[in-house]
Amino acid sequence: MRRFRTTSTFWHNSFCMFFARFRMVALVYLIACFMSSAQAQQTAVPTVTFTLDFPGSEPDHYVVSVSEDGRSSYDSDGKLSPDSEGGDSFHADFTMSQAGRTRVFDLAKRAHYFEGQIDSKNKKVASTGSKTLTYKDAQKNTSATYNYSPVPPVQDLTNFFQSLSTTLEFGHRLDYHLRYQKLALDEELKNMEEALNSGGLAEISAVAPVLQKILDDPAVIKVVRARAQRMLQLADASGK
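In this report, the structure presented in the accompanying data block is examined. (Residues numbered from 1 in each chain as written. Predicted model: local features only at pLDDT ≥ 70, side-chain atom pairs only at ≥ 80, totals over all residues. Heavy atoms only, no water.)

### Thoughts on the pattern of salt bridges
Following the criterion strictly, the structure yields 11 salt bridges and no others. In this structure, the salt-bridge partner of arginine 179 is aspartate 175, at a minimum N-O distance of 3.3 Å. Remark: aspartate 175 and arginine 179 occur in helix H3 (residues 152-180); sequence separation between them is four residues, near one turn of the helix. Since its relative accessible area comes to 52%, arginine 179 is described here as exposed. Put simply, aspartate 186 and arginine 227 hold a salt bridge, and the shortest N to O gap is 2.8 Å. Here aspartate 186 is found in helix H4 (residues 185-197), whereas its partner arginine 227 is found in helix H6 (residues 222-238), with 41 residues between them in sequence. Comparing aspartate 186 with arginine 227, the two get one shared label, buried. Ionic contacts of the salt-bridge type, sharing partners, join the residues Asp186, Lys190, Glu193, Arg227 and Arg230 into one network. (Salt bridge = Lys/Arg side-chain N within 4 Å of Asp/Glu carboxyl O. Helix = DSSP H or I, 4+ residues; strand = E, 2+ residues; numbered from the N terminus. Buried < 20%, exposed > 50% of the residue type's maximum accessible area, 1.4 Å probe, protein only.)

Given below as structure tokens:
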């Protein structure tokens, strides 16, 4: 009987030790999960993304992503020239100006972060490509796809992102011409100035690095460097 009691006590103590350790491990795991979740919520930076898919346009696909802290990215399949076969994959990371990001997030707020219906659903409106606006932060993850939207803040965001795409595609081509075809820089910068004067560009500061390279390159003719300098001055002004 005494031996039975000893064995029983041994197994009882072992079980209690095992259960205590299990509870401790489970508690540590729960605390780690809670801290990880809280940290993720604290570090999640609100982001607005604009995607366009429009076969036959140039480029026919691109994505712009803007974070509230200014970190931004752009991806497209735009061609470097009309003679290019297929798309030329292009990626750019840049910092959006304070004025630009304030505008983007103010418009997103006024558009109720793209919750609900924003497309006109009017089949008589010509197709201008499938567009998607997405908002994401620690609590929200909302998006809406449209061809044409009658919602004013959505219209303003669409125009802004399309103008930004135009600016970045100019930067893409300028960088290519600077490396491989310097004689094409003059015409490209002329076209860029015309687009700017007609209100077709946004965030010129995003392409300031390539404009600075053109200005600093002694192999580039003076008239082209002067054009690049004028654009840089405008970029500096728009970035403030």
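### Structural notes on the nonpolar core
Within the largest apolar cluster, 51 residues are counted, with the highest numbers of intra-cluster contacts made by Phe114, Phe161, Met192 and Leu211. Here this core takes nine residues from H3, the largest share from any one element. Here methionine 192 is in contact with Phe170, Leu174, Leu201, Ile204, Val207 and Met231, once residues within four sequence places are set aside. (Core = buried A, V, L, I, M, F, W, Y, C linked by side-chain atoms within 4.5 Å. Contact = heavy atoms within 4.5 Å.)

### Examining the sheet that holds strand S2 (residues 61-67)
With antiparallel pairing, the six strands of this open sheet are ordered in space as S4-S3-S2-S1-S5-S6. Every interior strand has two partners, whereas the edge strands, strand S4 (90-95) and strand S6 (141-146), have only one. Across the sheet, the mean angle separating the axes of adjacent strands is 10° when strand polarity is ignored. As paired strands, strand S3 (residues 71-76) and S4 are joined by six bridges and run antiparallel to one another. Bridge pairing in S4 links serine 76 to phenylalanine 90. Across the sheet, helix H2 (residues 98-110) touches strand S1 (47-53), S2, S4 and strand S5 (130-136), and the angle it forms with S1 is around 85°. Each of S1, S2, S3, S4, S5 and S6 is contacted by H3, which is oriented at about 110° to S2, the strand it contacts most. (Pairing = 2+ DSSP bridges. Axes fitted to C-alpha atoms, helices over the stretch in contact; angles between N-to-C directions.)

### A closer look at the side chain of threonine 158
Within the secondary structure, threonine 158 sits in helix H3. Discounting chain neighbours no more than four positions away, the residues touching threonine 158 are Phe50, Lys131 and Tyr146.

### A word on the pairing of S6
Each regular strand carries side chains that alternate between the two faces of the sheet. Burial along S6 is one-sided: Thr142, Ala144 and Tyr146 are buried, while Asn141, Ser143 and Thr145, pointing the other way, are not. Bridge count for S5 against S6 is six bridges, and the pairing is antiparallel. Counted as the bridge partner of lysine 136 is asparagine 141 from S6. Linking S5 back to S6 in an antiparallel pair, the connection comprises four residues.

### A look at the packing of aromatic side chains
A full pass over the atoms with the stated rule returns seven aromatic pairs. Ring geometry for tyrosine 113 versus tyrosine 135: centroids 4.3 Å apart, planes at 40°, classification tilted. With tyrosine 113 in the loop between H2 and S5 and tyrosine 135 in strand S5, this pair connects stretches of sequence that are 22 residues apart. On the basis of an interplanar angle of 50° and a centroid distance of 5.0 Å, the ring pair of tyrosine 176 and tyrosine 180 is categorised as tilted. A residue pair is termed a helical-turn pair when its members lie 3 or 4 positions apart in one helix, as tyrosine 176 and tyrosine 180 do in helix H3 at four residues. The class for tyrosine 176 is partly exposed, based on a relative accessible area of 30%. When its relative accessible area of 57% is taken as the criterion, tyrosine 180 is described as exposed. (Phe/Tyr/Trp six-rings, centres within 6.5 Å; stacked < 30°, edge-to-face > 60°.)

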